[in-house]
Amino acid sequence: MVAIRSNFFYTRTVPCELWFLNRAKPEEYRDKVLMIDARNIYRKVTRKIFDFSPEQEQNILAIVWLYRGETGRYLDLVAGYCQRMLAEGAACVRATGGSPLPDFIGALTTLRGAVEPFLKTLAKDAPHDVRATGGSPQQELDDAIPLFKADVDSFRKTVSEQQAAWGQQKTTNGELKKAVDHLATLAETSRDLVKQTDLLYKLACRLIETCENECNARDSDAWAGRDITRARKAADEARALAVEQLKQVRYFWKQAHWLTERFPEAKLRDVEGLVKLVDRAEIEANDWSLTPGRYVGVAPEEEDEDFDFEEALRDIHVELEDLNAEAVQLAATIKKNFEELGV
């Protein structure tokens, strides 16, 4: 029995439960039912539609593999996530082809260069301290860029070392669990680089806005407005690509960690709020209810470490716009119906 949350259908919002009947069930499981509560496992596609990501589907399937005693398939999945994590990390800083982090650094450098001619026209003690040391927009950006480059180089080196070490990686459960724990540092580094990437772009935007709003940059012949706008757009696009690629590193690590944290011995066990192997006597005691949530309990609330306040506000804004559009359309329909009724 697999319970799935609401909004998984295009035309209905109701939740559902999947029943899997197995005529070839092992003898030791003849009077038992595997209950999986997957209501907390989902990916938000739109405001009204949810689904499972391919990895979430695999993780649910991995529970069934452990139930069937197919430990090898479970371990292959964990190892595959680790390898994919390292591959995504290498893709962030690859030497050939599109390379998101170096490309972002290049785009940011171009944007910074586009502003430089105007900055040179300002005196050291210019109004609003746009060029002054100690917390000025220019100084913050110029201080942050070298630090970011150094962190990217360190990330590149770490990924390369981990990929080389993976060639000797043993795929027993104990060794894989150690590997997942060890790779946690790299996953956290990728998350830190995401924050740095966003911060650098914000600092560059702050410098531009300070020049325009407080230093009358638009009135200066040294201010190449169109070039700066194009460079700013290119930097934002490069930022988005870099952030998305970096997020993949931690995403695949989290999939491996999700499995090893819940099934540390690579064996099926009851996990609060997720899975339980229930015997017929317990089902009978619950008036033959086949609702997984009744047996697996409630999962402990987890803090969302990846919560992005600004992104959440953007989602709320988009949702509000959708609701307003629907309200306008509904009001027009009601008005039309009243007119047809002569009211």
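Below you will find a few notes about this structure. This structure is a prediction, so every number in the text was calculated from the model and none was measured. The residue numbers shown here count from 1 along each chain, following its written sequence. Local features in this predicted model are restricted to residues whose pLDDT is 70 or higher, and side-chain atom pairs enter the listing and the counts only when it is 80 or higher, whereas totals over whole chains, interfaces and linings include all residues. Excluded from the side-chain calculation are hydrogens and water; included are all heavy atoms of the structure.

A few points about the overall build of the protein chain
Then comes step 1: Counting from the N terminus, the helices are DSSP H or I runs at least four residues long and the strands are E runs at least two residues long. Helices and strands together make up the secondary structure of the protein chain, namely ten helices and six strands.
Then comes step 2: Using C-alpha atoms as the atom set, the radius of gyration is obtained and then compared with a globule rule of 2.2 Å times the number of residues to the power 0.38. Its C-alpha atoms give the protein chain a radius of gyration of 27 Å, more than 25% over the compact-globule value 20 Å for 343 residues.
Then comes step 3: With the C-alpha coordinates of the protein chain rotated into their principal frame, the extents come out at 85 × 80 × 35 Å.
Then comes step 4: Expressed as a percentage of the 343 residues in the protein chain, the buried residues total 39%. Each residue is assigned to one of three classes by its accessible area relative to the maximum for its type, calculated with a 1.4 Å probe on protein chains only: buried under 20%, partly exposed between the two thresholds, exposed over 50%.

Comments concerning the packing of aromatic side chains
Then comes step 1: Here the aromatic set is Phe, Tyr and Trp, taking the six-membered ring for Trp, and pairing holds for ring centres within 6.5 Å; pairs whose planes are under 30 degrees apart are stacked, those over 60 apart are edge-to-face, and all others are tilted. Inspection of every chain in the model, using the stated rule, returns seven aromatic pairs.
Then comes step 2: A ring pair is formed by F118 and W223, whose centres lie 5.4 Å apart and whose planes are at 85°; its orientation type is edge-to-face. On the criterion of sequence distance, the pair formed by F118 in helix 3 (residues 100-119) and W223 in the loop between helix 6 (184-214) and helix 7 (225-262) is long-range, its members being 105 residues apart.
Then comes step 3: Aromatic ring contacts, followed pair by pair, group Y81, Y251 and F252 into a single cluster.
Then comes step 4: Here R5 stacks its cationic end above the ring of Y42, 4.7 Å away from the centre of that ring.
Then comes step 5: Two conditions define a charge sitting above a ring: the NZ of Lys or the CZ of Arg must be within 6 Å of the ring centre, and it must be within 35 degrees of the ring normal. Over the ring of Y201 we find R239; its NZ or CZ atom is 5.8 Å from the centre of that ring.

A closer look at the sheet that holds strand 1 (residues 2-4)
Then comes step 1: Paired strands, as defined in this entry, are two strands with at least two bridges between them according to DSSP. Taken in spatial order, the four strands line up as 2-1-3-6 in an open sheet, and their pairing is mixed. Unpaired on one side and paired on the other, strand 2 (16-18) and strand 6 (275-279) mark the two borders of the sheet. Between one strand axis and the next, the sheet turns by 25° as a mean value, whatever way the strands run.
Then comes step 2: In this structure, strand 1 lies alongside strand 2, joined through three bridges in antiparallel fashion. Lines are fitted to the C-alpha atoms to define the axes, a helix being fitted only along its stretch in contact, and any angle between axes, read from their N-to-C directions, falls within 0 to 180 degrees.

Side note on the nonpolar core
Side chains that are nonpolar tend, in soluble globular proteins, to be buried together.
Then comes step 1: For the purposes of this section, nonpolar cores are sets of buried Ala, Val, Leu, Ile, Met, Phe, Trp, Tyr and Cys residues that join through side-chain atoms within 4.5 Å. In terms of nonpolar packing, the biggest core is built from 86 residues, with Y74, L101 and F155 touching the most fellow members.
Then comes step 2: Whether two residues touch is decided by their heavy atoms; if any such pair falls within 4.5 Å, the residues are in contact. Dropping the residues within four chain positions of it, Y74 is found in contact with A62, W65, L66, N173, L259, T260, F263 and A266.
Then comes step 3: Counting six residues, the second-largest nonpolar core is a separate cluster that includes V278, I283, Y295 and V296.

Observations concerning the environment of L290
Then comes step 1: Tracing the backbone through its elements, the reader meets L290 in the loop between helix 8 (280-285) and helix 9 (293-296).
Then comes step 2: With relative accessibility at 27%, the residue L290 sits in the partly exposed group.
Then comes step 3: Counting along the chain gives 273 residues from L290 to E17, while the straight-line C-alpha distance between them is 9.2 Å.
Then comes step 4: In this view, L290 contacts M1, E17, W19, M35 and I283; residues no more than four positions away in its chain are not counted.

Side note on the packing of helix 3 against helix 4 (residues 137-166)
Then comes step 1: Running from N to C, helix 3 and helix 4 cross one another at 160°; their axes reach a closest spacing of 12 Å. As judged from the angle between their axes, helix 3 and helix 4 are roughly antiparallel. As for how helix 3 packs across helix 4, the hand of that crossing is left-handed. Along its contact with helix 3, which presents L101, P102, F104, I105, L108, R112 and L119, the element helix 4 presents Q138, L141, D142, I145, F148, K149, V152, F155 and R156. The scheme is simple: roughly parallel for angles under 35 degrees, roughly antiparallel for over 145, roughly perpendicular for 65 to 115, oblique for anything else. The handedness criterion is simple: a crossing whose near helix is rotated anticlockwise from the far helix by less than a right angle is left-handed, and one whose near helix is rotated clockwise is right-handed.

Describing the side chain of D37
Then comes step 1: For D37, the location among the structural elements is in strand 3 (residues 32-37).
Then comes step 2: Polar contact is the term for a pair of N or O atoms within 3.5 Å; when the atoms are in protein, one must be able to donate a hydrogen and the other to accept it, and sequence-neighboring residues count only if both atoms are side-chain atoms. Looking at D37, its side chain comes within polar contact range of the side chain of R39, at 2.7 Å.
Then comes step 3: Those residues in contact with D37, other than ones at most four positions away along the chain, are A3, G273, L274, P292, G293 and V296.

Focus on the packing of helix 2 (residues 71-92) against helix 4
Then comes step 1: It is at 9 Å that the axes of helix 2 and helix 4 come closest, and there the two elements cross at 145°. Where helix 2 crosses over helix 4, the handedness of that crossing is left-handed. On helix 4, the residues that touch A79, C82, Q83, L86, A87, G89, A90 and C92 of helix 2 are F155, V159, Q162, Q163 and W166.
Then comes step 2: The residue inventory of the contact of helix 2 with helix 4, partitioned by class, reads nine nonpolar, four polar and no charged. Residues were grouped as follows: Ala, Val, Leu, Ile, Met, Phe, Trp, Tyr, Cys and Pro as nonpolar; Asp, Glu, Lys and Arg as charged; and all remaining residues, including Gly, as polar.

Points about the pattern of salt bridges
Then comes step 1: Each reported salt bridge corresponds to a side-chain nitrogen of Lys or Arg within 4 Å of a carboxyl oxygen of Asp or Glu. In the structure shown here, the tally under the stated rule is 22 salt bridges.
Then comes step 2: A salt bridge links D37 to R39; the shortest N-O distance between them is 2.7 Å.
Then comes step 3: Residues K48 and E326 are paired through a salt bridge, measuring 3.4 Å at the closest nitrogen-oxygen approach. One end of the pair, K48, is in the loop between strand 4 (43-44) and strand 5 (50-51); the other, E326, is in helix 10 (residues 309-341), with 278 residues separating them in the sequence.
Then comes step 4: Exposure remark for K48: the relative accessible area of 46% places this residue in the partly exposed category.
Then comes step 5: Overall, the relative accessible area of 35% leaves E326 in the partly exposed class.
Then comes step 6: One connected set of salt bridges, linked through shared partners, spans R112, E116 and D142.

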